[in-house]
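Results of the structural survey
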Amino acid sequence: MRADSIQQPLHNQALPGLYIHAPFCRAKCAYCDFYSVADLSLLGAWMDALEREMALYAGESGWQTGFDTLYLGGGTPSILEAGQIEKIIALAFEHFAFADDAVVYAEANPCSADLEKLSAMRRAGVTRLHMGVQSFDENNLRFLGRSHTADQARQSLNAARQAGFSFLGADLIFGLPGQTQKAWQADLEQMLSYKPEHLSCYLLSYEKNTPLWKRLAKGVFAPLSQARAASLFAFTHDFLTRSGYIHYEISNYAPSKELVSRHNTKYWNRAPYLGLGPGAHSFYKERRWWNLADIKGYIAALKKGKKPVAGSENLSVEQRALEEIYLSLRQSTGLELADLEPILNFDCQKAWEIALQTLEAKGFVSRPKGRVVLTPLGMARLDSIAGMLIQNLPL
Ligand code: SF4
């Protein structure tokens with residue numbers, strides 16, 4: 001970690017975040033298991049349903065403190081027409097209170113992010129734009145089933161700056177079959193030439209029932225070995241921290257503390273958030289609920305004046321503790337034992353002492369002032385380290 005890497009919680013997490021899921025994509029990417037449809041014929045009905053859903057939650061006491069983030073995600077929000085994006089943001093501000101310094105995020109896909117669209121998004125109030133680039137290599141884009149070319153990605157990144165975005169975030173994917181460090185470095189270098197204010201580098205994962213998962217299961221290709229994936233992860237950390245970025249979450253980098261994702265940090269810190277739209281999840285006071293991941297069912301429920309909720313759960317002590325461990329260890333702030341112990345009513349420090357000494361000796365964790373913080377080597381082994389700690393808990 002850099003000397004000024006983040007060792008303290010990043011933002012006052014008291015206010016909730018508002019997420020809106022735009023469930024439309026030009027085509028389904030081969031690795032993606034987010035809910036979205038390629039048929040745009042229900043777009044108008046989805047907009048009406050979304051307004052009804054906002055009205056159902058607007059008067060609820062839990063959200064009256066107001067939000068300090070609005071995140072338009074998907075799916076592909078940039079596939080919407082400029083006027084539709086403007087209307088959604090205006091509706092959110094009509095129905096809910098927002099802090100004066102609220103941040104408005106939107107995701108964009110190079111297949112639908114030209115200068116005209118991005119300028120309209122900027123005028124509509126989007127302040128932080130996240131572009132899903134994934135790679136600048138045409139073969140990688142084809143393998144991932146992306147619906148844009150590398151040239152389109154370059155044009156969209158340039159257009160974002162021309163449209164006036166002073167905050168430009170981008171997503172990249174690494175760990176593709178056969179990917180070398182040199183090839184991944186070329187993607188990173190090209191991305192850094194745009195000087196993004198935020199960078200997410202995701203290790204490719206094979207989510208069940210996606211086209212990529214099916215091809216892997218049939219043996220069409222061999223995945224990268226775990227050792228090579230861990231080596232690319234470590235290389236990413238070294239390369240980006242040397243380039244001035246802070247590695248503040250397992251997959252996320254920002255050039256300064258002020259530029260970390262205020263919205264996503266709420267998920268990792270178990271702060272409240274309200275999710276609207278098909279498949280969106282919400283969290284409030286240890287209760288989680290999720291919407292129908294079915295656009296027709298979502299629209300039908302709201303036409304009847306009902307919330308489109310598919311299920312909910314009150315988190316048990318065990319679930320709270322597991323989430324606290326996993327979500328905290330993902331971040332450079334690490335796990336504060338004083339946050340975990342009251343959930344379990346148990347002395348974790350004592351129970352973990354031997355395991356932590358071993359992990360520290362291997363260079364996987366550091367222990368600043370009552371915290372357990374994973375080193376980059378440890379982050380690459382998050383699941384096994386968290387599993388080892390959990391084994392020593394009374395769950
Ligand atoms: S554009 Fe994004 S949400 Fe849509 S299918 Fe691809 S990865 Fe999934």
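Basis of the calculations
Residues numbered from 1 in each chain as written. Predicted model: local features only at pLDDT ≥ 70, side-chain atom pairs only at ≥ 80, totals over all residues. Heavy atoms only, no water. Phe/Tyr/Trp six-rings, centres within 6.5 Å; stacked < 30°, edge-to-face > 60°. Helix = DSSP H or I, 4+ residues; strand = E, 2+ residues; numbered from the N terminus. Buried < 20%, exposed > 50% of the residue type's maximum accessible area, 1.4 Å probe, protein only. Lys NZ or Arg CZ within 6 Å of the ring centre and 35° of its normal. Core = buried A, V, L, I, M, F, W, Y, C linked by side-chain atoms within 4.5 Å. Domains from an automatic or database assignment. Expected span 1.5 Å × (residues − 1). Arc of directions from axis to C-beta. Contact = heavy atoms within 4.5 Å. Axes fitted to C-alpha atoms, helices over the stretch in contact; angles between N-to-C directions. Left-handed = near helix turned anticlockwise from the far one by under 90°. Nonpolar A, V, L, I, M, F, W, Y, C, P; charged D, E, K, R; others polar. Near = heavy atom within 4 Å. Pairing = 2+ DSSP bridges. Buried area = accessible area lost by both parts, 1.4 Å probe. Salt bridge = Lys/Arg side-chain N within 4 Å of Asp/Glu carboxyl O.

**Looking at the packing of aromatic side chains**
Between two aromatic rings, the relevant description is the distance of the centres plus the angle of the planes. Within the structure shown, the criterion is met by 17 aromatic pairs. Note on Phe 143 and Phe 221: the rings are 5.1 Å apart at their centroids and 75° apart in plane angle, and the pair reads as edge-to-face. One end of the pair, Phe 143, is in helix α4 (residues 138-144); the other, Phe 221, is in the loop between α7 (211-217) and α8 (226-242), and 78 residues separate them in sequence. The exposure class of Phe 221 is buried, given its relative accessible area of 13%. Counting every residue linked through ring pairs, the aromatic cluster contains Trp 63, Phe 67, Phe 93, Phe 96, Phe 98, Tyr 284 and Trp 289. One cation-aromatic arrangement involves Arg 122 over Phe 165; the distance from NZ or CZ to the ring centre is 5.8 Å.

**Brief notes about the nonpolar core**
Counting 94 residues, the largest nonpolar core has Ile 20, Trp 46, Leu 118 and Trp 352 as the members making the most contacts within it. When residues of this core are assigned to domains, at least three fall in each of domain 1 (17-268) and domain 2 (317-391). In terms of nonpolar packing, the next biggest core, distinct from the first, is built from 11 residues, Cys 32, Phe 143, Ile 173 and Leu 204 among them.

**Comments concerning helix α6 (residues 181-192)**
Spanning 12 residues, α6 covers 16 Å between terminal C-alpha atoms, matching the ideal 16 Å at 1.5 Å per step. Those residues of α6 lying buried are Trp 184, Asp 187, Leu 188, Met 191 and Leu 192. Considered in projection along α6, the buried side chains sweep an arc of 130° and stay on one side of the axis. Along its buried surface, α6 packs onto β4 (128-134), α4, α5 (150-162), β5 (168-174), β6 (198-203) and α8.

**Some thoughts on the packing of α6 against α8**
Relative orientation of the contacting elements α6 and α8 amounts to 35°, with a least axis distance of 11 Å. When the axes of α6 and α8 are compared, the crossing they make is right-handed. Packed against α6, whose contacting residues are Gln 181, Trp 184, Gln 185, Leu 188, Glu 189 and Leu 192, the element α8 presents Leu 232, Phe 235, Thr 236, Phe 239 and Leu 240 at the interface. Partitioning the contact of α6 with α8 into residue classes produces 7 nonpolar, 3 polar and 1 charged.

**A look at unusual backbone geometry**
In most cases, non-glycine residues show a negative phi, while peptide bonds are predominantly trans. The linkage connecting Gly 74 with the following residue, Gly 75, adopts the cis geometry, with an omega of 25°. Tracing the sequence through the fold places Gly 75 in the loop between β2 (67-74) and α2 (82-95). Even without being glycine, Lys 195 reaches a positive phi, approximately 50°. In this structure, Lys 195 sits in the loop between α6 and β6. Its identity as a non-glycine residue notwithstanding, Lys 285 has a phi of 45°, on the positive side. Structurally, Lys 285 is set in the loop between β10 (281-284) and β11 (287-291).

**A look at the site of the ligand**
Surrounding the ligand, one finds Cys 25, Ala 27, Lys 28, Cys 29, Tyr 31, Cys 32, Gly 75, Thr 76, Asn 109 and Arg 146. Its residues assigned to classes, the shell around the ligand comprises 5 nonpolar, 3 polar and 2 charged.

**Comments concerning the sheet that holds strand β15 (residues 371-374)**
As summarised here, the arrangement of the 3 strands in space is β13-β15-β14, forming an open sheet in which the pairing is antiparallel. Edge positions in the open sheet fall to β13 (335-336) and β14 (365-366), since each of these has one partner strand only. With 2 bridges connecting them, β14 and β15 associate as antiparallel partners. Each residue of the ladder has a partner; that of Val 365, found in β15, is Leu 374.

**Section: the domain arrangement of the chain**
The domain architecture assigned to the chain consists of domain 1 (17-268) and domain 2 (317-391). Spacing between the C-alpha centres of domain 1 and domain 2 amounts to 29 Å. Contact residues are listed per partner, giving 11 residues for domain 1 and 8 residues for domain 2. Here domain 1 packs against domain 2, burying approximately 910 Å² in sum over the two surfaces, 65% of which is carbon and sulfur. A per-residue breakdown of the area domain 1 buries against domain 2 is headed by Phe 233, Ile 250 and Trp 268, which together make up 50% of the total.

**Description of the environment of Ser 328**
Mapped onto the secondary structure, Ser 328 falls in helix α11 (residues 317-329). Here Ser 328 falls in the buried class, since its relative accessible area comes to 8%. Note: C-alpha distance between Ser 328 and Met 121 (207 residues apart in sequence) is 33 Å. Beyond its immediate sequence surroundings of up to four residues, Ser 328 is in contact with Glu 323, Gly 334 and Leu 335.

**As for the pattern of salt bridges**
On inspection of all chains with the given rule, the structure shows 16 salt bridges. One salt bridge in this structure joins Arg 262 and Asp 68, with 3.6 Å as the shortest N-O distance. Of this pair, Arg 262 sits in helix α9 (residues 262-268) while Asp 68 sits in strand β2; the two residues are 194 residues apart in sequence, bridging distant segments of the chain. Across the pair Glu 336 and Arg 371 runs a salt bridge, and its minimum N-O distance is 2.9 Å. Placement of Glu 336 in strand β13 and of Arg 371 in strand β15 is noted, with a sequence separation of 35 residues between them.

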